[in-house]
Amino acid sequence: MKNFSKYVRLAVLVFLVSCGKSEDKTEIFEPTPAPMPTITLKEAANFPIGNTVSASRLSSSSENYFRTLLNKEFNSVTAGNDMKMYNFFKAPGTYDWSKGDAIVAYAKANGMRVHGHTLIWHPSYSIPDWLENFSGTDAEFEAHVEGYIKAAVAHFAEATFSDGTPVVESWDVVNEAFTSDAEAGPFHKRIGPDYVEKCFRWAREADDKVKLFYNDYNLGSDSSKADKVINMVNNFKANSVPIDGIGMQMHIDYQYPNLESLKSNVTKLADTGLLIHFSEVDMTVNKDKALSGLTLQRSNAQKERYKQMAIIYKTIPETQQFGITFWGMRDTDSWLLDFYNNPNEWPLLFDSGYNYKPALFGFLDGLTN
Ligand code: XIL
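Bear in mind that the values here come from a model prediction, so they are computed numbers and not experimental data.

Definitions and limits used
- Residues numbered from 1 in each chain as written.
- Predicted model: local features only at pLDDT ≥ 70, side-chain atom pairs only at ≥ 80, totals over all residues.
- Heavy atoms only, no water.
- Axes fitted to C-alpha atoms, helices over the stretch in contact; angles between N-to-C directions.
- Helix = DSSP H or I, 4+ residues; strand = E, 2+ residues; numbered from the N terminus.
- Parallel < 35°, antiparallel > 145°, perpendicular 65-115°, else oblique.
- Contact = heavy atoms within 4.5 Å.
- Nonpolar A, V, L, I, M, F, W, Y, C, P; charged D, E, K, R; others polar.
- 1 Å grid on protein atoms, 1.4 Å probe; cavity = no way out; pocket = protein on both sides within 12 Å on 5 of 7 lines; lining within 4 Å.
- Points joined across faces, edges and corners; volume = space filled by probe spheres on them.
- Phe/Tyr/Trp six-rings, centres within 6.5 Å; stacked < 30°, edge-to-face > 60°.
- Buried < 20%, exposed > 50% of the residue type's maximum accessible area, 1.4 Å probe, protein only.
- Left-handed = near helix turned anticlockwise from the far one by under 90°.

1. Concerning the packing of helix 12 (residues 223-238) against helix 13 (residues 259-270)
Between helix 12 and helix 13, the least distance of the axes is 10 Å, while the angle of their chain directions is 5 degrees. With respect to helix 13, the element helix 12 is oriented roughly parallel. For the pair formed by helix 12 and helix 13, the contact residues are Ser223, Ala226, Asp227, Val229 and Ile230 on the first element and Asn265, Lys268 and Leu269 on the second. Residues of the contact of helix 12 with helix 13, tallied by class, amount to four nonpolar, two polar and two charged.

2. A closer look at the layout of surface pockets
The computed volume of the largest pocket comes to approximately 1000 Å³. In terms of lining, the largest pocket is formed by 45 residues, of which the most central are His251, Glu280, Trp327, Trp335 and Leu336. Looking at the lining of the largest pocket, the elements with two or more residues in it are strand 1 (49-53), strand 10 (251-253), strand 11 (275-284) and helix 15 (336-339). For the lining of the largest pocket, the per-class residue count stands at 17 nonpolar, 16 polar and twelve charged.

3. A short note on the environment of Pro37
Mapped onto the secondary structure, Pro37 falls in the loop between helix 1 (2-18) and helix 2 (41-44). Along the backbone, Pro37 and Leu364 are 327 residues apart, and their C-alpha atoms lie at a distance of 8.5 Å.

4. Focus on the packing of aromatic side chains
Summed over all chains, the structure comprises 27 aromatic pairs. Consider the rings of Phe213 and Phe322, whose centres lie 4.6 Å apart with planes at 50 degrees: the pair is tilted. With Phe213 in strand 8 (residues 211-216) and Phe322 in strand 12 (residues 321-326), this residue pair connects regions lying 109 residues apart in the sequence. Phe322 carries the same exposure label as Phe213, and that label is buried. Pairing Tyr306 with Phe363 gives two aromatic rings, centres 6.5 Å apart and planes at 80 degrees, and the pair type is edge-to-face. Within this pair, whereas Tyr306 is found in helix 14 (residues 296-313), its partner Phe363 is found in helix 16 (residues 358-368), the two being separated by 57 residues in sequence. For Tyr306, a relative accessible area of 0% corresponds to the buried category. The buried category is assigned to Phe363, whose relative accessible area is 0%. The rings of Phe88, Phe89, Tyr95, Trp97, Trp130, Phe134, Phe141, Tyr148, Phe156, Trp171, Phe187 and Tyr195 are connected pair by pair, giving a single aromatic cluster.

5. Here's the deal with the packing of helix 14 against helix 16
For the pair helix 14 and helix 16, the least separation of the axes is 7 Å and the interaxial angle reads 25 degrees. On the basis of the axis angle, helix 14 is roughly parallel to helix 16. Handedness of the helix 14/helix 16 crossing: right-handed. Every residue of helix 16 that contacts helix 14 at Ser299, Gln302, Lys303, Tyr306, Lys307, Met309, Ala310 and Ile311 is listed here: Pro358, Ala359, Phe361, Gly362, Phe363, Asp365, Gly366 and Leu367.

Bear in mind that shape data such as this cannot, by itself, settle questions of function.
Below, the structure written as structure tokens:
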């Protein structure tokens with residue numbers, strides 16, 4: 001009976017919405033237990049589907065459910081933070097790979113690839129303090145960075161699956177270089193404006209197979225930023241600087257970017273011929289903080305947009321489809337809640353109780369469309 005009245009309420013709401021009534025921001029959508037999808041995300045896609053992990057979550061005795069879901073739906077993992085420089089580069093010439101090793105061991109045991117994230121990223125919380133405050137010469141600073149990149153890439157090239165393919169298939173070599181912060185950051189300041197290309201060369205010297213990515217945000221919405229990345233790629237090609245792929249982070253919103261500009265930016269980035277990774281997907285639905293719960297209407301909008309995102313990804317030539325990686329499992333796991341200081345945000349495919357959201361069904365629909 002309880003369920004019946006829930007359905008009636010839902011039906012009335014759908015009816016009102018379809019009558020063109022303006023958006024009701026108070027009616028909170030309680031997901032009714034939907035039938036489970038008959039196909040998993042990784043089965044539905046012709047390319048890898050990823051999520052973020054941490055070494056602690058992969059070993060914690062209270063995270064069995066997370067691991068079951070990860071293994072069921074996903075076949076690619078990215079460390080949310082554990083493979084950033086501050087976790088590895090403890091002192092000059094001293095590395096602690098333990099968290100990365102634990103992630104690689106788990107991935108290997110469960111047949112998932114690892115996308116390395118990220119060798120170079122400028123924010124101070126991503127760099128070890130000793131390097132940020134380094135008082136030696138610029139040449140010494142550069143030598144430390146070169147040594148780090150080569151050591152990290154060489155170390156993580158060692159793990160292979162039984163058929164010999166590397167577990168760590170790829171690295172984000174440089175993250176978010178096209179910002180004023182990055183230009184004011186230590187790598188640009190101390191190595192020089194050509195630090196990005198140097199980092200790619202060092203990474204390739206350490207491993208001739210691993211796929212090297214440049215990763216950035218707003219590439220789907222900001223056409224001039226996408227052009228800067230394309231220029232960089234063209235310069236790399238002209239100067240024989242190695243690069244294999246572009247990571248479009250895809251931190252998007254239920255209303256933007258508009259799908260036309262997303263589509264045209266994806267197309268022009270793919271026209272470089274490089275691999276394209278939707279590398280950090282999430283979707284805000286409550287940036288103005290007007291909602292205190294996810295409404296049916298907003299949930300439907302998110303579902304539809306996740307569908308469209310999958311459809312747009314599939315327009316990329318198949319040989320360039322590197323994969324789609326979600327930046328978190330449950331809504332409550334998302335970094336965006338802290339980033340926007342908004343506990344009322346629901347950006348991902350699973351709700352706080354690990355239930356499959358309409359967003360997931362939308363994405364799945366786009367994959368199989
Ligand atoms: C975020 C992590 O999810 C947070 O836990 C951390 O506090 C900050 O970094 N772009 C990136 C990711 O490339 O590495 C960021 O990850 C999110 C934005």
